[in-house]
Amino acid sequence: MPIPLFNTVLLDISIWAVCVIALVVFARLSATHPATPYVIFHGWFVTGRALAILNGAPTLFSRPGGDPVDANEIARAVLLADAALIAMTGAWILAAHRNARGESPFHFEPMPLRRDLIRLVAAFAIPLGTIAMLLWSRVPGLEAPAFAARWADSSWAVVAESWVGLGLLALIYSGGFKMVLTAPFVAYLVLAGYQGNFRFRLLIPLILLVQIYVDRQGKRWPSTRACIALLACAVLFFPLKGIGQGLQAGAEPAALWQSTQRQIANVFRGTHPDEMILDELASTLTLADQHGKLFWGRTYSGILTVAVPRQWWPEKPGLADFEKEISTAARPIAADGMVVTMLGEFYLNFWYPGVILLSFATAYLLGRAFDAAYRRSYFTLARFAYLLVACNLIQVFRDGLISLFVFVAINMMPLMAIVLLHFVYPARVVRSSPLLQTPRVRAGVTEQRVS
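Residues numbered from 1 in each chain as written. Predicted model: local features only at pLDDT ≥ 70, side-chain atom pairs only at ≥ 80, totals over all residues. Heavy atoms only, no water.

Closest axis-to-axis distance for the helix α4 (residues 115-136)/helix α18 (residues 413-424) pair is 10 Å, and the angle between their directions is 145 degrees. Viewed along their axes, α4 and α18 form a crossing whose handedness is right-handed. Of α18, the residues touching α4 (which contributes Leu117, Ile118, Val121 and Ala125) are Pro414, Ile418, Leu421 and His422. A class-by-class count of the residues in the contact of α4 with α18 yields seven nonpolar, one polar and no charged. (Axes fitted to C-alpha atoms, helices over the stretch in contact; angles between N-to-C directions. Helix = DSSP H or I, 4+ residues; strand = E, 2+ residues; numbered from the N terminus. Left-handed = near helix turned anticlockwise from the far one by under 90°. Contact = heavy atoms within 4.5 Å. Nonpolar A, V, L, I, M, F, W, Y, C, P; charged D, E, K, R; others polar.)

So, in structure tokens, the structure goes:
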């Protein structure tokens with residue numbers, strides 16, 4: 001018997017609130033804890049969207065020829081998301097309990113973060129990224145050369161354009177927020193926002209910048225003013241695509257402002273197209289049932305060929321080819337470029353048990369990784385590597401677990417190169433003993449010397 005959506009939303013709000021309180025009390029929630037982006041994700045895109053639908057917002061595919069997602073599908077998706085939230089909350093609390101007792105399967109000496117390797121990678125990434133932006137980004141007053149057009153739609157071109165910001169972030173991580181680094185980084189963010197597409201090039205570096213700032217200050221949370229600024233940035237993220245495209249088209253400022261106001265109003269109503277992630281999850285569950293068989297991990301097979309440029313292999317398998325198998329004419333999720341979410345991905349592969357077990361396992365491993373990083377100094381490879389994962393988690397929860405590889409290993413390639421080079425060229429001498437607590441880092445005073 002279907003549960004009324006009103007009752008489902010009340011249950012969801014209660015579960016979300018209890019889980020947040022439990023995480024604050026028992027898991028020491030912080031800005032860089034993996035639970036933080038998940039409870040924000042759930043609160044905004046599950047609870048918030050369900051409330052909007054309850055208040056009459058149209059659902060996905062409410063268009064001529066479409067098959068609108070109905071209230072029963074939304075209620076089912078909300079309940080599944082609640083079950084996953086409970087499982088993940090339990091996993092994070094268990095991880096924190098074992099961390100507090102010192103029960104860790106990992107016992108290794110901390111590897112100091114080496115400034116020489118950071119500078120080496122930045123010396124390559126920043127110039128190459130600048131060239132990529134000049135070739136393939138839209139820069140006001142600059143026309144891209146004709147020979148670059150063939151690679152304009154390549155993912156490699158998109159990835160390389162972000163290397164400027166990532167190289168600067170690496171230098172900021174090691175050297176602090178110096179004007180010579182922050183000024184060009186802000187310029188990069190402005191130019192990334194102007195593009196009107198691939199907004200992750202702006203979002204992910206900005207999240208990492210905030211996490212670096214919090215860690216260097218030795219705090220658990222940003223200041224109140226910083227949180228307000230972050231909320232404003234989060235709201236502006238939704239109309240950013242239209243703003244960038246409008247600026248490129250030479251739109252009148254008044255018209256652009258009116259369009260932005262309308263989109264921001266839709267954000268607060270929960271009706272912006274980018275907020276329909278709950279609808280996409282609900283649709284994925286229904287389409288998976290109609291498909292009639294599980295994928296048993298086949299959705300992750302695109303990792304094997306993702307590094308090959310499509311210009312060299314036009315027919316190579318895509319990361320979301322499985323969506324074509326479950327799409328229908330009334331719900332063309334593949335053609336519309338929709339996401340199935342991490343929970344939908346688990347369901348497609350391993351049904352209900354997969355959603356619960358994999359949600360628990362993912363949260364538990366992330367919780368243990370968080371502890372491993374924060375039992376060591378800010379200037380260690382463990383902390384640096386963890387933040388590379390943490391800043392991408394919101395994208396993983398939205399797009400699926402496969403994004404953990406795509407965004408960390410590929411889209412953040414220069415920073416991942418720094419991690420790998422530490423193992424290829426390890427420091428000969430560890431200059432300091434393990435630090436169990438991270439003291440504050442202020443005015444350039446470091447916790448320990450680094451190479």
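Still more ground to cover, so stick around.
The next point concerns the packing of aromatic side chains. Here the structure, examined in full by the defined rule, presents 23 aromatic pairs. For the ring pair Tyr173 and Phe384, a centre distance of 5.0 Å and an interplane angle of 85 degrees mean the geometry is edge-to-face. With Tyr173 in helix α6 (residues 163-175) and Phe384 in helix α15 (residues 381-390), the pair connects residues that are 211 residues apart, well separated along the chain. With centroids separated by 6.0 Å and ring planes inclined at 80 degrees, the aromatic side chains of Phe237 and Phe238 adopt a geometry described as edge-to-face. Aromatic ring contacts, followed pair by pair, group Tyr38, Phe41, Trp44, Phe45, Trp92, Phe237, Phe238 and Phe397 into a single cluster. The positively charged end of Arg199 is found above the aromatic ring belonging to Phe237, 4.5 Å away from the centroid. (Phe/Tyr/Trp six-rings, centres within 6.5 Å; stacked < 30°, edge-to-face > 60°. Lys NZ or Arg CZ within 6 Å of the ring centre and 35° of its normal.)

The terminal C-alpha atoms of helix α14 (residues 341-374), which comprises 34 residues, lie only 29 Å apart, well short of the 50 Å expected from a rise of 1.5 Å per residue. At Phe350, α14 shows its strongest bend, of approximately 135 degrees, with the proline Pro353 following within four residues. (Expected span 1.5 Å × (residues − 1). Bend = angle between axes of the 7 residues up to and from the residue.)

All right, on to the environment of Ala183 then. Following the sequence through the fold, Ala183 ends up in helix α7 (residues 179-194). Separated by 15 residues in sequence, Ala183 and Leu168 place their C-alpha atoms 10.0 Å apart.

This part takes up a nonpolar patch on the surface. A contiguous nonpolar patch, built from Phe6, Leu10, Ile13, Leu51 and Leu54 and spanning about 400 Å² of accessible area, is present on the exposed surface. Contributing elements (two or more residues each) for the nonpolar patch: α1 (5-26) and α2 (35-54). When residues in the nonpolar patch are grouped by element, the largest group, three residues, is from α1. Along the polypeptide, Ile13 turns up in helix α1. Take Ile13: its relative accessible area is 33%, and that puts it in the partly exposed class. (Patch = residues over 30% accessible without salt bridge, like charges linked within 9 Å, V, L, I, M, F, W, Y side chains within 5 Å. Areas by Shrake-Rupley, 256 points an atom, 1.4 Å probe, with all protein chains shown as cover. Salt bridge = Lys/Arg side-chain N within 4 Å of Asp/Glu carboxyl O. Buried < 20%, exposed > 50% of the residue type's maximum accessible area, 1.4 Å probe, protein only.)

Within the largest apolar cluster, 113 residues are counted, with the highest numbers of intra-cluster contacts made by Tyr38, Leu208, Leu343, Phe384 and Leu415. The element that contributes the greatest number of residues to this core is helix α3 (residues 71-100), accounting for 13 residues. Leaving out residues up to four positions away in the same chain, Phe384 has contacts with Leu113, Tyr173, Leu415, Ile418 and Val419. (Core = buried A, V, L, I, M, F, W, Y, C linked by side-chain atoms within 4.5 Å.)

On to unusual backbone geometry, then. Its identity is not glycine, yet Phe61 carries a phi of approximately 70 degrees, on the positive side. Turning to its location among the elements, Phe61 is positioned in the loop between α2 and α3. Even without being glycine, Thr341 reaches a positive phi, approximately 70 degrees. Of note, Thr341 is situated in helix α14.

One pass over the full model with this rule turns up 13 salt bridges. Arg331 is paired through a salt bridge with Glu73; the nearest N and O atoms lie 2.7 Å apart. Residue Arg331 is located in the loop between α13 (322-326) and α14, and its partner Glu73 is located in helix α3; the two are separated by 258 residues in the primary sequence. When its relative accessible area of 2% is taken as the criterion, Arg331 is described as buried. A salt bridge links Asp321 to Lys324; its shortest N-O distance comes to 3.7 Å. With a relative accessible area of 29%, Asp321 lands in the partly exposed category. Judged by its relative accessible area of 58%, Lys324 falls in the exposed class. Ionic contacts of the salt-bridge type, sharing partners, join the residues Asp67, Glu73 and Arg331 into one network.

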